Amino acid sequence: VSLVLITRGEGYPAHTAHTLFCWREGSPAESFSYELEGTPCALVYGGDRITIPCELGVRFPKEEGFEGYCGVPLLNHNQSVVGHFAVLSKEPFDDVVLCETIMRIFGSRVETEMQRAALDRDRDALLQSLQHTRDRLEQQREASRAANSFKSDMIAMTVHDLRNPLTAIISRAELIVTYLSHDIALPQQVRLEKATQSADDIVNTSERMEKMISR
């Protein structure tokens, strides 16, 4: 053969073919892209196996200079055409059956390799997505841990700040009970004044605590 092409279609439906592998006159050649319209490759991208043993340039003027053509579609795992495998010859094909058999065998191998490569890409993309998800969850876990730590610190500070006023309230209440008792040797007027002062202290301390809670 004079030209071997393994291509991937571009567009949906495919209107351009890009060569993944090109072999010309016995040597690997640079990749290139070409429009499918007006070529036998367009029929292959439609899902047909095409064999034109001779006069290719007559049926498809774009292929002038070539006599024989054989192409098979390449399918993905969803059985959709994603590319094609084709050979072109400057000489007519003498044995069409042999040509089609060889193309079918090698086409199946190429198709399998392309599907494997696609699955590898899907696997890598999935692993990358899982890694991003894991990183995001780790960041959320760290943020939640920091928030819980901050909340715990705030609760501890609040408990500490409220404990002092409560202690003062309890102490002042106990003093009131003592001052109102007849067991201490103080004039009644003095005891009432001290009890009143302690009550005022309780009110002031309670108001301060209320402001702390309101903040």
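This text follows the structure it describes.
The following paragraphs examine the structure supplied in this document. Along each chain, the written sequence defines residue order, and numbers are assigned to residues from 1. pLDDT decides what is reported in this predicted model: residues at 70 or higher carry local features, side-chain atom pairs at 80 or more are listed and counted, and totals for whole chains, interfaces and linings draw on all residues regardless. Working from all heavy atoms in the structure, the side-chain values ignore hydrogens and water.

So, about helix α4 (residues 188-214). With 27 residues, α4 should cover 39 Å at 1.5 Å per step; its first-to-last C-alpha distance of 39 Å lies within 8% of that length. Buried residues are those whose accessible area, probed at 1.4 Å on protein chains only, stays under 20% of the maximum for their type, while exposed residues exceed 50% and partly exposed ones sit between those limits. Each helix corresponds to a stretch of at least 4 residues labelled H or I by DSSP, and each strand to a stretch of at least 2 residues labelled E; elements are numbered beginning at the N terminus. Those residues of α4 that fall on the buried side of the exposure criterion are R191, A195, S198, D201, I202, T205 and M209. Whether two residues are in contact is decided by their heavy atoms, any of which lying within 4.5 Å being enough. Tucked inside the fold, the buried residues of α4 contact α3 (96-179). Each residue after the first adds 1.5 Å to the expected span of a helix.

The next point concerns the pattern of salt bridges. In a structure, side chains of opposite charge can pair up when their charged atoms sit close to one another. When a carboxyl oxygen of Asp or Glu lies within 4 Å of a side-chain nitrogen of Lys or Arg, that pair is called a salt bridge. Under the counting rule described, the total for this entry stands at ten salt bridges. Across the pair R123 and D120 runs a salt bridge whose closest N-O atoms are separated by 3.8 Å. Of this pair, R123 and D120 both sit in helix α3, three residues apart, roughly one helical turn. Of the residues examined, R123 reaches a relative accessible area of 47% and is grouped as partly exposed. For D120, a relative accessible area of 23% gives the class partly exposed. Close ionic contact of R172 with D201 constitutes a salt bridge, the shortest N to O distance being 3.3 Å. Of this pair, R172 sits in helix α3 while D201 sits in helix α4, placing them 29 residues apart in sequence. Connected through salt bridges with shared partners, the residues E113, R116, D120, R123 and D124 form a single ionic network.

Here we take up the layout of surface pockets. A cavity, in this analysis, means grid points on a 1 Å lattice covering only the protein atoms where a 1.4 Å probe fits yet has no way out; a pocket is instead an open set bounded by protein on both sides within 12 Å along at least five of seven lines, and a residue lines either one if it has an atom within 4 Å of a point. Grid points are joined across faces, edges and corners, and a volume is the space filled by probe spheres set on the points. Of the pockets and cavities examined, the largest pocket occupies roughly 470 Å³. Taken together, 20 residues form the lining of the largest pocket, with R8, N76, S80, V81 and V82 sitting closest to its centre. Here the lining of the largest pocket gets six residues from one element, more than from any other, and that element is α3. Its volume calculated, the second largest pocket comes out at about 190 Å³. As for the second largest pocket, its lining consists of V1, V4, F85, V87, F93, D94, D95, C99, I102, M103 and F106. Those elements giving two or more residues to the lining of the second largest pocket turn out to be β7 (81-89) and α3. Take the lining of the second largest pocket: its biggest share by element is four residues, from α3. In the scheme used here, Gly and all other residues not listed as nonpolar or charged are polar, with Ala, Val, Leu, Ile, Met, Phe, Trp, Tyr, Cys and Pro taken as nonpolar and Asp, Glu, Lys and Arg as charged. Each residue belonging to the lining of the second largest pocket can be placed in one class, and the counts come to nine nonpolar, no polar and two charged.

Remember that the coordinates give geometry; whether it matters functionally is a separate question.
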